[in-house]
Amino acid sequence: MALRQNQLLLHLWKQNCVAGARNATSRIMRPDDANIVGNVHGGTILKMIEEAGCIIGTRHCNSQTGDRCVAALARVERTDFLHPMFIGEVAHVSAEITYTSKNSVEVQVNVLSENIVTGAKKLTNKATLWYVPLSLQNVAKIIEVPPIEYSSPEQEEAGKKRYEAQKLERIETKERNGEIIMSISLPEPYTVAFSQSSLIHLVGPSDCTLYGFVHGGVTMKLMDEVAGIVAARHCKTNIVTASVDAINFHRKIKKGCVITVSGRMTFTSNKSMEIEVFVDADPLVEAEKGKYRAVTAFFTYISLDKENKPLPVPPLKLEGEEEQKRFEEGKARYLQNKAKRLTDKERQQ
């Protein structure tokens, strides 16, 4: 029996340890997945993306002998929402492992929407996620990741560069973790204080993995909801997620924690707005550990009219040096992302 199990594990390892090994899921979009005008919530799509990444990441990390583990989300790179998805369409989510380091896995995920009446399909999302495998015997222990085979040395080198870049940015992001969004009463319209919002959520069993930690997709959905409220308060129109910059998961969130998800406007262009979102976790049972910053990210939203065409965004009124500084930083990210989109468009032509 033991020999047969080892042979099966070896077969699975050979199947999974190749760059390009895929996992795919599909489901129809229902009214609960969308806003009042039928656009599927960005958070719903992010949750599906994370579930697909978790499945393939966990499957790969358990394709070797040794400790059984679960793949925990550590970071999500910038994610663009290329086309809207609507109620009644089918979302096809495919994931593949594209790079492994000693203790992490890079997963790239694509989302296609399908109109099952006309058969039309379109690419709606592309995302890159990073996972670390946590031992089921000791969730504080990160285990080694089985290496994958690359089609060429260039493919491996490109993956290594992505790994080093995200590692450096995660370190830089931690320096901002001391910031707190303060509430202000009776603010002036179109200011940061006017639209900033918070959501408080008690983490229950349905939010968590079998091992008592919050699914990354659950957290991202809550973050998108808060960012959407901020955007809607600023514009007073229908708003949709346009993109999500890198999402950094700094610390795990356990079942029973109370999480506070806070969002504030940092930058507006003529047709888009950037919202910074923080997730702070407060352990109720282990109160002595204190509140901590768990997740951070920037969301970009656009305002739409009744025909789903972009509307101008009201300019953000800035108050104080800190808001001016965050605005300039947001402007730099906006220009950088705009230049990258133009470069990518030229390469495709």
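Residues numbered from 1 in each chain as written. Predicted model: local features only at pLDDT ≥ 70, side-chain atom pairs only at ≥ 80, totals over all residues. Heavy atoms only, no water.

Colleague: Before we move on, can you summarise the overall build of the chain with the specific residues and values?
Modeller: Helix and strand counts for the chain stand at six helices and 13 strands. Its C-alpha atoms put the chain at 70 × 55 × 40 Å along the principal axes. For the chain, with 349 residues in total, the buried portion stands at 49%. In the chain, once contacts between residues fewer than 6 apart in sequence are set aside, the share between residues at least 24 apart is 75%. Within the structure as shown, the chain displays about 18100 Å² of accessible surface, and the carbon and sulfur contribution to it stands at 55%. Taking the average location of the 46 positive side-chain charges in the chain and that of its 42 negative ones, the two points are 3 Å from each other. (Helix = DSSP H or I, 4+ residues; strand = E, 2+ residues; numbered from the N terminus. Buried < 20%, exposed > 50% of the residue type's maximum accessible area, 1.4 Å probe, protein only. Contact = heavy atoms within 4.5 Å. Areas by Shrake-Rupley, 256 points an atom, 1.4 Å probe, with all protein chains shown as cover. Lys, Arg positive; Asp, Glu negative; His and termini not counted. Charge placed at Lys NZ, Arg CZ, Asp CG, Glu CD.)

Colleague: I'd love a proper account of the packing of aromatic side chains, names of residues and values included.
Modeller: On inspection of all chains with the given rule, the structure shows six aromatic pairs. Summarising the aromatic geometry, the rings of Y99 and W130 are spaced 6.4 Å apart at their centres and angled 70° between planes, so their arrangement reads as edge-to-face. With Y99 in strand β4 (residues 90-100) and W130 in strand β6 (residues 121-135), this residue pair connects regions lying 31 residues apart in the sequence. By relative accessible area, Y99 is classed as buried at 7%. Ring pairing ties together the aromatic residues Y99, W130, Y150 and Y163, which thus form one cluster. (Phe/Tyr/Trp six-rings, centres within 6.5 Å; stacked < 30°, edge-to-face > 60°.)

Colleague: Just give me the short version of the nonpolar core, but keep the residues and values in it.
Modeller: Of all hydrophobic cores here, the largest spans 72 residues; its most connected members are M223, I247, I253, V261, M273, I275 and F299. The biggest single contributor to this core is helix α5 (residues 216-235), with nine residues. Discounting chain neighbours no more than four positions away, the residues touching I247 are A74, R75, V76, M220, M223, V295, T296 and A297. (Core = buried A, V, L, I, M, F, W, Y, C linked by side-chain atoms within 4.5 Å.)

Colleague: So what's going on with the UniProt feature "active site" (unreviewed entry) in the chain? Which residues, and what values?
Modeller: On the UniProt side, "active site" (unreviewed entry) is annotated at positions that read N35 and D224 here. Taken along the chain, the residues just named run across 190 residues; in space they keep tight, none of their C-alpha pairs more than 12.3 Å apart. Topologically, N35 is positioned in the loop between β1 (22-28) and α2 (42-61). Residues in contact with N35, not counting those within four places in the same chain, are H41, N238 and I239. Among the polar contacts listed, one links the side chain of N35 to the backbone nitrogen of V37, at a separation of 3.1 Å. Sequence-distant contacts of D224, that is, excluding residues within four places in its chain, are made with H41, G42, G43, T241, F299 and Y301. (UniProt positions renumbered as here; feature names shortened; annotations may be inferred. Polar contact = N/O pair within 3.5 Å; in protein donor to acceptor, adjacent residues only side chain to side chain.)

Colleague: I'd love a proper account of the environment of V111, names of residues and values included.
Modeller: Assignment of secondary structure puts V111 in strand β5 (residues 105-114). A relative accessible area of 0% means that V111 is categorised as buried. Expressed as a C-alpha distance, the spacing of V111 and V145, which sit 34 residues apart in the sequence, is 26 Å. In this structure, V111 is in contact with I45, I49, M85, H92, V93, K122, L123, T124 and N125, ignoring residues within four places of it in sequence.

Colleague: Could you give an account of the UniProt feature "domain: HotDog ACOT-type" (unreviewed entry) in the chain, with specific residues and numbers?
Modeller: The sites that carry the UniProt feature "domain: HotDog ACOT-type" (unreviewed entry) are, in the present numbering, residues 19-137 and 193-307. Here residues 193-307 is 20% helix and 45% strand, with 30 Å between the C-alpha atoms at its ends.

Colleague: So what's going on with the layout of surface pockets? Residues and values would help.
Modeller: Looking at the second largest pocket, its volume works out to about 1100 Å³. Of all elements in the fold, only α2, β2 (69-76), β6, α3 (153-174), α5 and β12 (292-304) reach the threshold of two or more residues within the lining of the second largest pocket. Taken together, the residues of the lining of the second largest pocket break down into 25 nonpolar, ten polar and eleven charged. (1 Å grid on protein atoms, 1.4 Å probe; cavity = no way out; pocket = protein on both sides within 12 Å on 5 of 7 lines; lining within 4 Å. Points joined across faces, edges and corners; volume = space filled by probe spheres on them. Nonpolar A, V, L, I, M, F, W, Y, C, P; charged D, E, K, R; others polar.)

Colleague: An account of the confidence of the model for the chain is requested, with residue identities and associated values reported.
Modeller: With 91% of its residues at a pLDDT of 70 or more, the chain shows a mean pLDDT of 89. Across residues 1-16, confidence stays below pLDDT 50; counting only partners more than four residues off in sequence or on other chains, it has 14 contacts. (pLDDT = per-residue confidence, 0-100.)

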